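Okay, here's what each chain looks like letter by letter:
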Amino acid sequence: MDALLHQVLAGLATGGIYASLALALVMIYQATHLVNFAQGELAMFATYFAWSLINAGVPYWPAFLLTVIFAFVLGVVIERVIIRPVENAPVLAVVVVFIALLVILNSVTGWIFSYTIKTFPSPFPAEPIFGKYMSAHEAGAIGVTLVVLLLLYAFFRFTPLGLAMRAAAQNPDSARLVGIRVGWMLALGWGLAAAIGGIAGMMVAPIVYLDPNMMGGVLLYAFAAALVGGVDNPGGAVLGGFMVGVLENVLGAFVIGNELKLAVALVLIIGVLVVKPSGFFGKVFVTRV
Amino acid sequence: MSRRQLILNALLLLAACALPLVVSDYRVFQFNLVLVYAIALLGLNLLTGYNGQISLGHGAFYAIGAYCAAILMDKYGVPYWATLPVAGAVCLLAGFLFGLPALRLEGLYLALATFALGVSLPALLKYHHLEKWTGGVQGIVIAKPDPPFGLPINSDQWLYYFTLAVAIVMFVLAWNLLRGRVGRALVAIRDNHIATEAMGVNNAMFKSLAFGVSAMYTGVAGALGAIAIQYVAPDSFNIFLSIVFLVGIVIGGLASISGAIYGALFIQFVPNIADDISKAAPWAIFGIFLLGFVYVMPMGIAGAVRMGLARLQRKAQNK
């Protein structure tokens, strides 16, 4: 029982990180109906930025803030420069562009920072809290996720800009008619998603260590989380993230062993897509021929 | 095929046959891999280029083919040439089975599912209950086949000719498949699946079949690749292999048979040149080329060649 509780709590902690990245995926999906394959590499790149700031002597939290801003700007620039031209292109072209982004970010990071694995500091104290069940970093990661979620909710619910972004995502034509600059709203959405991804990267880096390929597995779990929660439902994606985290940890520890953990994500992704494509909390869309 | 095309192909074939006699053994090995990649790219192009189903996980089928060959040769002493049909059959089945759920997925979602397959396969290959066959993280080392009948060539050259023969058969088969009813159905499904269904084409059947045949091509390529490299290990089949294949078909030319060859030459030789700059350079160059081709040359090298030839022809006629 003790062991199970431990695994569930650890699962919640990693789940929080998956939830953040899933949230970033859902934000871009909602605005553009695209799944960003480069989301993980964007997060990784932002985390390297944070690492070099911290190494240069900047204290953790200012570095954190600067990284979030950097990721935001990076996201906006990428949307404006790279994604814009293929906005209305066929799906294949868009997927190819995302993959291109993925390999470019990956290799540029490898080029600048080398492929050796680096450690990344955690802002939280090293000693465990809640007795022996949870490290402070795990608890902190969950807390950060929840704060981000709350801020996002408040932003979309209570600010005019948030309303404009929702309008642009839901009905671009009407939004444009009432004077919302839809293109810029999409760019802002990309910026926000990149910023959230950056936070997820900084939270996961102390656990998986920093290397250019660190986000591969995390991205897969985030895909699974987004799909489980319904790819058009931000709340669902967060819930899905926690669910996937717990499931992965418990199954990995007691049923199938650590080696097959990634297969859990594969099975979840294909299973959800085939059996319930709208996820557990998503809207069902009916297409008329 | 027109007469000019026939002559051109014959000349090309002649050049391919003469190649190992004039270049070094290492180059022969590299061109052998070009042929292997060409078969794999042709397979992916059948699915993604012609049928419009995006796969970001074809490295998985390549890996299955490679492991089939390696396990059969290493554990059961099967001769290398006999492993190809088995690898092809296993991948045909695997692709067909994966294609069934994929029927319900369109565009982006299929890309996602195949991406997941590509990312998680190396972990499956390392699974310790399969270690008896797969050799776990260490992988399997296999012996290089000697040339038969006492031919006066070395084993690199022999393998090159062997791969060339297989590649020719595979290309002719694909060409035959694509120029007829099946090819038309595949392209029609890509362009408008509803209209195609209304015309009486069994979409589900053709789509899962396309997946199976595509996986078979890639699997045979995987087996040939394993024989050429004499080694298989889980980490050489990671997601980046699948991405390399995508790079190959986009740069070679989507929905084009000759595009597979251009793409294979690109993915074999460009990293070689770029490696001198930095370990990361090949991938940066791949990425930049991908972006450039999507924006400027969406038909790839094959499309550019076609356009150039057409322009030359027009000029000749106008004179």
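Residues numbered from 1 in each chain as written. Chains lettered and ligands numbered in written order. Predicted model: local features only at pLDDT ≥ 70, side-chain atom pairs only at ≥ 80, totals over all residues.

## Topic: the overall build of chain A
For step 1, the next point in the chain: The helix and strand inventory of chain A stands at 11 helices and 0 strands.
For step 2, the next point in the chain: Order of helices (α) and strands (β) in chain A, N terminus to C terminus: α-α-α-α-α-α-α-α-α-α-α.
For step 3, the next point in the chain: Taken over the C-alpha trace, chain A has a radius of gyration of 19 Å; the compact-globule value for 289 residues is 19 Å, and the two agree within 12%.
For step 4, the next point in the chain: Going through the 289 residues of chain A one by one, you find that 50% of them count as buried. (Helix = DSSP H or I, 4+ residues; strand = E, 2+ residues; numbered from the N terminus. Rg over C-alpha atoms; globule rule 2.2 N^0.38 Å. Buried ≥ 20, exposed ≤ 12 C-beta atoms within 10 Å, placed from the backbone.)

## What to know about the overall build of chain B
For step 1, the next point in the chain: The number of helices and strands found in chain B is 14 helices and 2 strands.
For step 2, the next point in the chain: Taken over C-alpha atoms, the radius of gyration comes to 20 Å for chain B, in line with the 20 Å a tight globule of 319 residues would show.
For step 3, the next point in the chain: Taken along its principal axes, the extent of the C-alpha atoms in chain B is 60 × 50 × 40 Å.
For step 4, the next point in the chain: Burial analysis of chain B (319 residues in total) assigns 49% to the buried set.

## Quick notes on the interface of chain B and chain A
For step 1, the next point in the chain: In this assembly, 39 residues from chain B lie in contact with 34 residues from chain A.
For step 2, the next point in the chain: Elements with a contribution of two residues or more to the side of chain B that touches chain A: α5 (107-125), α11 (239-252) and α13 (281-296) of chain B.
For step 3, the next point in the chain: Looking at the side of chain B that touches chain A, the element that brings in the most residues is α5 of chain B, giving 13 residues.
For step 4, the next point in the chain: For the side of chain B that touches chain A, the per-class residue count stands at 30 nonpolar, 6 polar and 3 charged. (Contact = placed C-beta atoms within 7 Å. Nonpolar A, V, L, I, M, F, W, Y, C, P; charged D, E, K, R; others polar.)

## Topic: the confidence of the model for chain B
For step 1, the next point in the chain: Scored by pLDDT, chain B comes out at a mean of 85, with 99% of its residues at no less than 70.
For step 2, the next point in the chain: Taking the mean pLDDT of every element in chain B, the minimum, 72, falls on helix α6 (residues 131-134) of chain B and the maximum, 90, on helix α10 (residues 203-229) of chain B. (pLDDT = per-residue confidence, 0-100.)

## Thoughts on the environment of Ile 207 of chain A
Residue and element names in this part refer to chain A.
For step 1, the next point in the chain: Mapped onto the fold, Ile 207 is located in helix α8 (residues 182-208).
For step 2, the next point in the chain: With 18 C-beta atoms counted inside 10 Å, the residue Ile 207 sits in the partly exposed group.
For step 3, the next point in the chain: Separated by 86 residues in the primary sequence, Ile 207 and Pro 121 place their C-alpha atoms 9.6 Å from one another.

## Regarding the nonpolar core
For step 1, the next point in the chain: The biggest cluster of nonpolar side chains holds 211 residues, and the ones touching the most others in it are Ile 269 of chain A together with Ile 39 and Ala 116 of chain B.
For step 2, the next point in the chain: Apart from residues no more than four positions distant in its own chain, Ala 116 of chain B is found in contact with Leu 220, Phe 223, Ala 265, Leu 266, Ile 269 and Ile 270 of chain A. (Core = buried A, V, L, I, M, F, W, Y, C linked by C-beta atoms within 7 Å.)

## Notes on α13 of chain B
For step 1, the next point in the chain: For α13 of chain B, with 16 residues, the first-to-last C-alpha span of 22 Å sits near the 22 Å given by 1.5 Å per residue.
For step 2, the next point in the chain: Every buried residue of α13 of chain B is listed here: Pro 282, Trp 283, Ala 284, Phe 286, Gly 287, Leu 290, Phe 293 and Val 294 of chain B.
For step 3, the next point in the chain: As for α13 of chain B, its buried residues are in contact with α4 (91-113) of chain A together with α11, α12 (257-274) and α14 (300-318) of chain B. (Expected span 1.5 Å × (residues − 1).)

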